[in-house]
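Chain and residue survey
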Amino acid sequence: MKHLIGKALFTLACAGLMTAVSAAYKAEYKLSVVPGATSGWGQTATFFADCVRNKTDGRVNIKPYFGAQLMAGKQTSELLLVRRGAIDFALASTINWSPQIKELNLTALPFFVANNPNRYKAMDAIEAGKSGKMLQDAIEKTGVKFIGWSENGFRELTTSKGPINKPEDMKGMKLRVCGTPIFIDIFTALGANPQAINWSEAVTGFQQGIVDGQENPTNGINIPMKMWTWHKHMTDWHYMIDPLFLTANKKVWNGFSKEDQKIILECAAEAELYGKALSRLGFDNGEALAYLQKIGKVPAVSDPNAELKKNGMEVTSFTPEQIQAFYKATQQVRDNWTKKIGPELVKAAEADMKAA
Ligand code: X2X
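To start, this report covers the structure provided alongside it.

**What about the overall build of the protein?**
Within the protein one finds 16 helices and 10 strands. Relative to its length of 356 residues, the protein is compact, with a C-alpha radius of gyration of 22 Å against a globular reference of 21 Å. In the protein, which comprises 356 residues, the proportion classed as buried is 52%. Long-range contacts, defined here as pairs at least 24 residues apart, represent 74% of the contacts in the protein between residues at least 6 apart. Carbon and sulfur atoms form 55% of the exposed surface of the protein, whose accessible area is close to 15800 Å². Side chains of the protein give 42 positive and 35 negative charges; the mean places of these two sets differ by 6 Å.

As structure tokens, this is what we get:
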């Protein structure tokens, strides 16, 4: 009997040891980021990684890899590599995952989210609402873990030619966009000549003047990249927004203890507040600045449009009538893409934004 108990204990101990071994953490978890470390997106990734490392006493060591280097520059391959496990975590953009996940084109519908009195509240309402849950489900259906939202920001147009006051002013303009189909449709509908170029090669393209402009969020990318070096005109049209989300390979996620999963989710919630504040600073009702002051992380530039003007950019903002002309010119794109995204999701988003 004694012998049997001893054997049972031995077997149990072995099993325990094996779980401990199979659940051993990696020395480093790779976190993929498409733009550079100084972008708002990059800073949010660093904030998240630092938070997790600190709160887990170094058990979970996440390292951000910037500049789409884990995808050799090919930003639309990120989902595939997270699924395969070549990437452990990503702070991903809906834009880069939407070629594979049609639902993620929702916030890229032109003049959709910004067609609301408070465009940031509208974005938050989608993420917190039924439509946000539908987006999360669509992401998780591919087999990855959704961890939390963040934000690159509303995308504004910078051009070497201009100013742009009406769609006709964009006629024939060569504009760099990423290789995501809805962008080609939007800019074609506006009469421009969209060029699909990965972000990793875009800056060389700006330097060489092979395009007349591009679109990216002002705080997150245009200012850190000193876009005024190449483009003198800024068109503040908020035509679409680029939400980011934290995600992890499913196996990697399941390998963490419940306690560490909880910490990661907490850090993601903090990173959401931080990332959104960086994106919205100087464009909202002052909430972003108050939050950044509270956590002691106000960036050097807190008045974005003043910074652009100081660097010689001419900033064009539209009247509601001017926006209407762009809205009309892109009606067909909204109609076509609503079918592809799923009319139910688009309706749910409209209801969420209305209730905000
Ligand atoms: O490619 C872009 O423009 C960027 C950096 O904003 C994205 O990855 C969507």
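**Concerning helix H5 (residues 119-128)**
Among the 10 residues of H5, seven are classified as buried, and the element is accordingly described as predominantly covered. Contact partners of the buried residues in H5: helix H6 (130-140), strand S4 (144-159), strand S9 (241-249), helix H11 (258-280) and helix H16 (343-355). For H5, the capping residue at the N-terminal end is asparagine 118, with a side-chain oxygen 3.2 Å from the backbone nitrogen of tyrosine 120.

**Comments concerning the site of the ligand**
Surveying the vicinity of the ligand reveals 14 residues, the closest of which are Gln75, Asn96, Arg155, Arg176 and Asn216. Within the contact set of the ligand, an oxygen atom lies 2.9 Å away from a side-chain nitrogen or oxygen of asparagine 96. Within the side chain of arginine 176, one N or O atom sits 2.7 Å away from an oxygen atom of the ligand. Secondary structure elements with two or more residues in the shell around the ligand: helix H4 (94-97) and S4.

**Examining unusual backbone geometry**
Each neighbour pair has its own omega, and for glycine 162 with proline 163 the value is 0°, a cis peptide bond. Tracing the backbone through its elements, the reader meets proline 163 in the loop between S4 and strand S5 (174-177). Even without a glycine there, the phi angle at aspartate 57 is positive, about 50°. Residue placement: aspartate 57 occurs in the loop between helix H2 (40-55) and strand S2 (62-65). Notably, alanine 68 is not glycine yet its phi reads approximately 55°, a positive angle. Here alanine 68 shows up in the loop between S2 and helix H3 (78-84). In this structure alanine 68 comes out as buried when scored by relative accessible area, which is 2%.

**Brief notes about the pairing of S2**
When strand S1 (residues 29-32) meets S2, the two strands line up parallel, connected through four bridges. Bridge pairing in S2 places serine 32 opposite tyrosine 65. Handedness of the crossover joining S1 and S2 through H2: right-handed.

**A closer look at the pairing of strand S8 (residues 233-236)**
Burial of the side chains of S8 extends over both faces: His233 and Thr235 are buried on one face and Met234 and Asp236 on the other. One ladder, built from three bridges, connects S4 with S8; its direction is antiparallel. Bridge pairing in S8 places threonine 159 opposite histidine 233. Pairing of S8 with strand S10 (residues 314-317) involves four bridges; the strand directions are parallel. Bridge assignment links methionine 234 to a residue of S10, and that residue is valine 315.

**Focus on the pattern of salt bridges**
Using the criterion set out here, one finds 18 salt bridges in the structure. When the shortest N-O distance is used, the salt bridge between arginine 155 and aspartate 242 registers 2.7 Å. Of this pair, arginine 155 sits in strand S4 while aspartate 242 sits in strand S9; the two residues are 87 residues apart in sequence, bridging distant segments of the chain. Judged by its relative accessible area of 0%, aspartate 242 is buried. For the salt bridge of aspartate 212 with lysine 161, the shortest nitrogen-to-oxygen distance reads 3.5 Å. Remark: lysine 161 occurs in the loop between S4 and S5 and aspartate 212 occurs in the loop between helix H8 (199-208) and strand S7 (213-217); sequence separation between them is 51 residues. Judged by relative accessible area, which is 46%, lysine 161 ranks as partly exposed. What you see here is one network of salt bridges that share partners, running through Asp124, Glu127, Glu151, Glu272, Lys276 and Arg280.

**A few points about the nonpolar core**
One recurring pattern in soluble globular proteins: nonpolar side chains tend to sit buried together. Core analysis: the largest hydrophobic core is formed by 98 residues, its most contacted members being Phe48, Phe89, Trp97, Leu106, Met170, Phe187 and Trp237. Sort the elements by how many residues they give to this core and H11 lands first, with eight residues. The residues touching leucine 106, leaving out its near neighbours within four places in the chain, are Phe112, Ile126, Leu135, Ile341, Leu345, Val346 and Ala349. Among the nonpolar cores identified, the runner-up in size contains six residues, and Ile223, Leu308, Met313 and Val315 belong to it.

**Side note on the state of the cysteines**
Scanning the model with the defined rule gives one disulfide in all. Residue cysteine 51 pairs covalently with cysteine 267 via a disulfide, S to S 2.1 Å. Where cysteine 51 bonds to cysteine 267 through sulfur, the torsion about that S-S bond is close to -75°, and the disulfide is left-handed. In this pair, cysteine 51 sits in helix H2 while cysteine 267 sits in helix H11, placing the two residues 216 residues apart along the sequence. Considered together, cysteine 51 and cysteine 267 belong to a single accessibility category, that of buried residues.

The rules behind these values
- Residues numbered from 1 in each chain as written.
- Predicted model: local features only at pLDDT ≥ 70, side-chain atom pairs only at ≥ 80, totals over all residues.
- Heavy atoms only, no water.
- Helix = DSSP H or I, 4+ residues; strand = E, 2+ residues; numbered from the N terminus.
- Rg over C-alpha atoms; globule rule 2.2 N^0.38 Å.
- Buried < 20%, exposed > 50% of the residue type's maximum accessible area, 1.4 Å probe, protein only.
- Contact = heavy atoms within 4.5 Å.
- Areas by Shrake-Rupley, 256 points an atom, 1.4 Å probe, with all protein chains shown as cover.
- Lys, Arg positive; Asp, Glu negative; His and termini not counted.
- Charge placed at Lys NZ, Arg CZ, Asp CG, Glu CD.
- Polar contact = N/O pair within 3.5 Å; in protein donor to acceptor, adjacent residues only side chain to side chain.
- Near = heavy atom within 4 Å.
- Pairing = 2+ DSSP bridges.
- Right-handed = clockwise from strand over helix to strand, strands pointing away.
- Salt bridge = Lys/Arg side-chain N within 4 Å of Asp/Glu carboxyl O.
- Core = buried A, V, L, I, M, F, W, Y, C linked by side-chain atoms within 4.5 Å.
- Disulfide = S-S within 2.5 Å.

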